[in-house]
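Survey of secondary and tertiary structure
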Amino acid sequence: MKPSDILPLYQATDRLDQVCRTLRHRFGDVAPVMLDPYTFAWLTLTWESTREAMTSPDFSADPDNWRDRNSGHVPQNSGIAAMLVRRDAARWRDGDEHRRYREALQAALQRLIDNGHVLHAVADVADRIIDRITPRGRADLIGDYAGVLSGMVLARLIGFDQDEAERIGDEMATVWDGEPAAAYQAWLELDARLHRLAAERRRRPAPNDVVSHLVHHGEHSDQEAAHQVALLIAAGYDPLTHLIGNTLRVLLTDDSLRRQLLSAGTDVESLLDVVQVHNPPLAVVPGRWCVVDREFGGHRVRAGDMVVFGIEATNRQLPPGTRAHLGWGAGPHACPRSGSDIAGVVAAHAVRRLITRVPVRLAVAPDQLERRASLAINGLRELPVLLNATGMEAAPTVPEEAPPAPAGAAEPPAPVRTGPARGWIGALARLLLGRR
Ligand code: HEM
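Residues numbered from 1 in each chain as written. Predicted model: local features only at pLDDT ≥ 70, side-chain atom pairs only at ≥ 80, totals over all residues.

Taking an unreviewed UniProt entry as the reference, the protein chain is identified by name as Cytochrome P450 belonging to Streptomonospora mangrovi.

**Let's talk about the overall build of the protein chain**
The helix and strand inventory of the protein chain stands at 16 helices and eleven strands. Taken over 436 residues, the protein chain has a buried fraction of 47%. (Helix = DSSP H or I, 4+ residues; strand = E, 2+ residues; numbered from the N terminus. Buried ≥ 20, exposed ≤ 12 C-beta atoms within 10 Å, placed from the backbone.)

**Considering the packing of helix 6 (residues 117-133) against helix 7 (residues 141-158)**
At a minimum axis distance of 9 Å, the contact between helix 6 and helix 7 shows a crossing angle of 145°. Crossing angle aside, the handedness with which helix 6 passes helix 7 is right-handed. For the pair formed by helix 6 and helix 7, the contact residues are His117, Val118, Ala121, Val122, Val125, Ala126, Ile129 and Ile133 on the first element and Asp144, Tyr145, Val148, Leu149, Met152, Val153, Arg156 and Leu157 on the second. For the contact of helix 6 with helix 7, the per-class residue count stands at 13 nonpolar, one polar and two charged. (Axes fitted to C-alpha atoms, helices over the stretch in contact; angles between N-to-C directions. Left-handed = near helix turned anticlockwise from the far one by under 90°. Contact = placed C-beta atoms within 7 Å. Nonpolar A, V, L, I, M, F, W, Y, C, P; charged D, E, K, R; others polar.)

**Quick word on the sheet that holds strand 10 (residues 360-362)**
Taken in spatial order, the three strands make up an open sheet running 5-11-10, and their pairing is antiparallel. The open sheet has two edge strands, strand 5 (138-140) and strand 10, and neither has a second partner. The sheet shows a mean angle of 35° between the axes of neighbouring strands, direction not considered. Here three bridges tie strand 5 to strand 11 (residues 384-387), and the two strands are oriented antiparallel to one another. Its bridge partner lying in strand 11, Arg138 is registered against Leu386. (Pairing = 2+ DSSP bridges.)

**Some points on the nonpolar core**
One finds Leu149, Val229, Ala347 and Ala350 to be the most contacted residues of the largest nonpolar core, which totals 75 residues. No other element matches the 15 residues that helix 11 (residues 222-253) contributes to this core. Residues in contact with Leu149, not counting those within four places in the same chain, are Val125, Ala126, Ile129 and Ala350. Counting 38 residues, the second-largest nonpolar core is a separate cluster that includes Leu23, Val30, Trp42 and Leu282. (Core = buried A, V, L, I, M, F, W, Y, C linked by C-beta atoms within 7 Å.)

**Digging into the site of the ligand**
In the vicinity of the ligand lie 26 residues, with Gly236, Pro239, Gly329, Cys335 and Gly339 positioned nearest. Looking at the shell around the ligand, the elements with two or more residues in it are helix 5 (95-114), helix 11 and helix 15 (337-357). In terms of residues, the shell around the ligand owes the most to one element, helix 11, which gives seven residues. Of the residues assigned to the shell around the ligand, the class counts are 19 nonpolar, five polar and two charged. (Near = placed C-beta within 6 Å.)

**Things to note about the pairing of strand 3 (residues 39-44)**
Counting buried positions along strand 3 gives five out of six residues, so the element sits mostly inside the fold. Note: strand 2 (residues 30-36) against strand 3, six bridges, orientation antiparallel. Each residue of the ladder has a partner; that of Asp36, found in strand 3, is Thr39. Remark: two residues form the turn of the hairpin made by strand 2 and strand 3, two consecutive strands paired antiparallel. Bridge count for strand 3 against strand 9 (residues 306-310) is three bridges, and the pairing is parallel. In the strand pairing of strand 9, Thr44 is matched with Phe309.

**Focus on the environment of Asp62**
Assignment of secondary structure puts Asp62 in the loop between strand 4 (59-60) and helix 3 (67-70). Measuring from C-alpha to C-alpha, the distance between Asp62 and Arg288 comes to 7.3 Å, with 226 residues separating the pair along the chain.

**So, the packing of helix 6 against helix 15**
In contact at an axis separation of 10 Å, helix 6 and helix 15 are set at 30° when each is read in the N-to-C sense. When the axes of helix 6 and helix 15 are compared, the pair comes out roughly parallel. Crossing hand, helix 6 versus helix 15: right-handed. Between helix 6, through Val118, Leu119, Val122, Ala123, Ala126 and Ile130, and helix 15, the contact on the second element is made entirely by Ile342, Val345, Val346, His349, Ala350, Arg353, Leu354 and Arg357. Among the residues making up the contact of helix 6 with helix 15, the classes are represented as eleven nonpolar, one polar and two charged. (Parallel < 35°, antiparallel > 145°, perpendicular 65-115°, else oblique.)

Here is the structure:
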């Protein structure tokens, strides 16, 4: 293969869907791409090749297998190299180590679903944000609603109180808005803060947060707890934001669907399923490393080559109504049941609550909505709307009450600040998943 055959995918973020179709036509199931000027990878483009790389033991999740980085071909401080490091967390390990980390996360998260904390957190946060943005009359539902909501809910589940999350947010936004090289520094700062949170919860456990559970029941060191929580932020924040965003987009550009939802003719959960298949929040997900020389999707792939999953390209080819999609992954590293359940509960409440509480309509023509320039995320840069404007149809009465606080809840009733999702969660997610 000549170097000129390898497409610089990072230059095509605004037309990824179209480019993936062209690549499939030219290369078949798997295509050679550059993720940045230094980083070569094989991009899976069909259900078969994506599933094979997710489930076969020939593909490891451990970045230490990455030949181009080990040989010094990829600089250590590139954004992608900073992200793909063998940390003490489920996503970067195989075998028994992976099982231990994954089971600890699953147990810590499942508890918060079972005892009502997830629903309580999203109900509280959603109402605070809606109260705050409605009087303004306009909002960007990505930056002002979906992003802030996802970040604040995850921060509460992890164990940060709201003030702390916002204080960290201010500092991290400053770091992040500087030069691109500051991305690595942002990671180091977050890592240090997560270590401090773990040490604090070791001394003084809180009744209902992930960090306390990992440290006291999962027998995690401070470093393991910090790395596992960083994984939750990276794995949860942006996908959740854009599952909500993509679903709101569908509702706001389809009047009849919105009317059906308001009259309870369709439920949000079914709509989320459809969005997750045909307009999934994840576009391209890194990565696995081949551990043997083998044939893959019609190509010779060498041990140490990186493989990335074309989730959006794969899902978009599936027939309507399919449940066998790969939006939650497959195999040992698939999104844990508790992760997809949290995403479902949070996204469904966030969408339903907004649409039923306040009349909302797009502030621009649908064809003016721009895709975010990211390899990793299929979502909008902004979703500008008018809220409660004069002459807009009144929403029907709100069909549900926010759930009562679960036992042992210690939620500080601080106001929620909104604005572009730029805080520490946004910073890390952008570091890990691409810039906005
Ligand atoms: C719409 C939202 C979400 C989507 C589309 C999504 C999708 C995925 C996918 C495709 C994977 C597999 C990645 C791979 O094979 O390398 C994954 C893994 C993971 N997800 Fe999710 N996810 C979402 C939300 C969440 C949330 C809210 C959490 C936790 C709070 C979470 C926790 C995780 C974890 C821990 C992993 C790694 C599992 C492992 O390596 O064993 N995810 N997710």
